[in-house]
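# Report on the structure
Single-letter residue listing:
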Amino acid sequence: MKVQHTNRLSQENSPYLLQHAHNPVDWYPWGEEALQKAKNENKVILVSIGYAACHWCHVMERESFENEEIAKIMNEFFVCIKVDREERPDIDRIYMDAVQLMTGSGGWPLNCFAMPDGKPFFGGTYFRPNDWVRVLQGIQSAWLSEKDKVEKVAGQISEGVRSNELIEVKSELKPFDLDDMKSGYENWQKDFDKLEGGNNRAPKFPLPGSLQFLLRYYHASKDRSALDHVVLTLDKMAAGGIYDQIGSGFARYSVDAIWKVPHFEKMLYDNAQLVSLYAEAYSLTKIPEYKRVMEETLDFIDRELSLPNGGFYSSLDADSEGVEGKFYVWEKSEIESVLKEDAEWFCEYFGVSEKANWEEGNILMISADKNEIAKRLGISIKQFDEKVKEASNKLLSKREERIRPGLDDKALTSWNALMIKGYVDAYKALGKQEYLERAEKAMHFIETNLMKGEGHLFRNYKDGVSKINAFLDDYSFTIEAYVALYQASFKEDYLIKADRLMKVVMAHFSDEKSGMFFYTSNEDPDLIARKMELLDNVIPSSNSSISKSLFVLGIYLEKETFKERSKQMLANVYERMLKVPSYHFNWGQLFFYLANSTYELVIMGDLAMDEKQKIESLFLPNVLIAGSLTESELPLLKNRYVANQTTFYLCKNRSCKIPVTSVEELLDQLHEEFKYI
């Protein structure tokens, strides 16, 4: 197919950048060529940021960036730079902070205007075409006639971007006390939706890490309200339209308050963390639906987001054929033609109507009591579940005939690491060996394609190419994945590799003044600010992640400096966390390690792997498991092997209970400590 325009993005391998490669806009990728051009020609830079699965990014492209007249204005007056926020979160963070400082809100598409030196002075998100033209003309007019004002604003905004995450270093480390968390949790409770789960507002994001925090809060405090809120939320999400009832997997968020209408894009990072969340909740509650959601979501990952060589793709678009959600919704007549005599009960169960329950068609959402339908059909609940599965598979096959949403087929190290941990957590909860094998295969993918030398990582991979240096989250989540793999397999090489990555982090990301870590390496070119991630959001912050790993590795490898660094990091954010635990939930996981005391469980002997599975399927968030089938030099394991015997050692604060030789005896010890085991 002949194309009229081709710009420099055609040489990139990001799917998002390639989507814009044939716009009439003369787009540049972020890099020295574009930045130098702006300086040489004294032009304003337009930094336009989005990602491949972003619905409103597509809309603005169709309306403005594919418009010849608008493109002429952009090309004449600006150096236009396109950025994939998933590949370059460092750039996205700077300009997102700038826009939030200017407007009080942000989102994608993100469009920010900057001085030739990259300092931002005006920005926003989505603009309608006429508004966009007025913005372009207004910016150029201000640049020509009021340059002094523009420079002053740019200086103020840049200073704000640099200073909005300043850390107050705590010189005195006070004990971390569980009672300190109570008022923060009570304030958070005020935001709970008591009917539909999640927070009491729309749109609704799953925020899996925050729900994992609540599971730990329940574990530590025995406050049943925390567990009840998690169960309500997980039940409602699993029944809602945010969960793909036919093909499984979760959409990014729900636009309404009842989890019905999703924003249909499916992201790897959401599904990875939700698998971990449902695995933990299943370990604690043994609710069968959570097992189903876990297994089905991993089926979706295997079917639709897995590379042939072991890694994972990034996302599926919200749109197909230019329409959001078209791939996923149904007309009642379609379902009737596929399911025939089973259509009536199926449509009742999933809320399907002739009129359709959404503007583009029927979104499937569990809307009736399965017990009542099963009773009417004269079958058991198990038989009903089997019928639902059989009908869903028929509709899934039919759906495969449709034009599919776009696939963002790049692999990102941090997101792959989150998915590895998801598989490990599912393995621990269910004992399915294939999940552990899949996790190890994915880690081999990272080691083969995204690692250079002894522990230096790349950020991205596509079509055999990896070219962006990794950021702190790539390292921190990969370290967490290595630790999880060790805990699941007892292969000590995983701990050695985690330690190797931590040494790279210490050498190239560390801020010695505060004890925290920068998001970018000191080996990368400078931007206008070197940012630190502190707040936990849909994806946990890289500082909270690395602080947890410092503590855990400090225990496994007996490195006191790691543990002390971890405590210093938590102390620096402690007051913020207590006030707003809902956005420091991953820090909260470290808090529970430190405030509630961490146990080490050592399992030694020929049957260590078999016996471990009986223990790790329980919800034990403050127990770090280690073990070996043979003698080991690992500090926790040294001199603990007894030939022809499997021995369990439960320890806390350098003090151990009497070693026992059966799971039953160990469970008695655990029950004594945790009561609900």
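Residues numbered from 1 in each chain as written. Predicted model: local features only at pLDDT ≥ 70, side-chain atom pairs only at ≥ 80, totals over all residues. Heavy atoms only, no water.

## Observations regarding the environment of F350
For clarity, the threshold we go by: Secondary structure elements are taken from DSSP: a helix is a run of H or I of four residues or more, a strand is a run of E of two residues or more, and numbering for both begins at the N terminus. For every residue, the accessible area (1.4 Å probe, protein chains only) is compared with the maximum for its type, and the residue is labelled buried under 20%, exposed over 50%, or partly exposed between those bounds.
By the secondary structure assignment, F350 is in the loop between α14 (343-349) and α15 (370-377). Judged by its relative accessible area of 2%, F350 is buried.

## As for helix α24 (residues 608-616)
What counts, and what does not: Any two residues whose heavy atoms approach within 4.5 Å at even a single point are treated as in contact.
Every buried residue of α24 is listed here: A608, E611, K612, Q613, I615 and E616. Along its buried surface, α24 packs onto α17 (413-430), α19 (472-489), β17 (599-604), β18 (623-628), β19 (647-652) and α25 (663-674).

## Considering the pairing of β17
Selection criterion: Pairing between strands is defined by DSSP: at least two bridges between them are needed. Orient the strands so they point away from the viewer; a crossover is then right-handed if the path from the first strand over the helix to the second runs clockwise.
Taking burial as the measure, the six residues of β17 include six buried ones, the bulk of the element. Burial along β17 is two-sided: Y599, L601 and I603 facing one way and E600, V602 and M604 facing the other are all buried. With six bridges joining them, β17 and β18 adopt parallel strand pairing. In the sheet register, L601 faces β18, and the bridge partner there is I625. With α24 bridging β17 and its parallel neighbour β18, the resulting β-α-β unit is right-handed. As paired strands, β17 and β19 are joined by six bridges and run antiparallel to one another. Directly across from I603, in β19, lies its bridge partner F648.

## A short note on the pattern of salt bridges
Any two side chains of opposite charge can pair if their charged atoms end up close together. Convention followed: By salt bridge we mean one thing: a side-chain nitrogen of Lys or Arg within 4 Å of a carboxyl oxygen of Asp or Glu.
Under the definition given, this model contains 60 salt bridges. Across the salt bridge formed by E159 and R162, the nearest N and O atoms sit 3.4 Å from each other. Taken together, the residues span about one helical turn, with E159 and R162 both in helix α7 (residues 147-163) at a distance of three residues. Note that K421 is salt-bridged to D425, the shortest N-O span being 3.1 Å. Of this pair, K421 and D425 both sit in helix α17, four residues apart, which is roughly one turn of that helix. Owing to a relative accessible area of 23%, K421 belongs among the partly exposed residues under this scheme.

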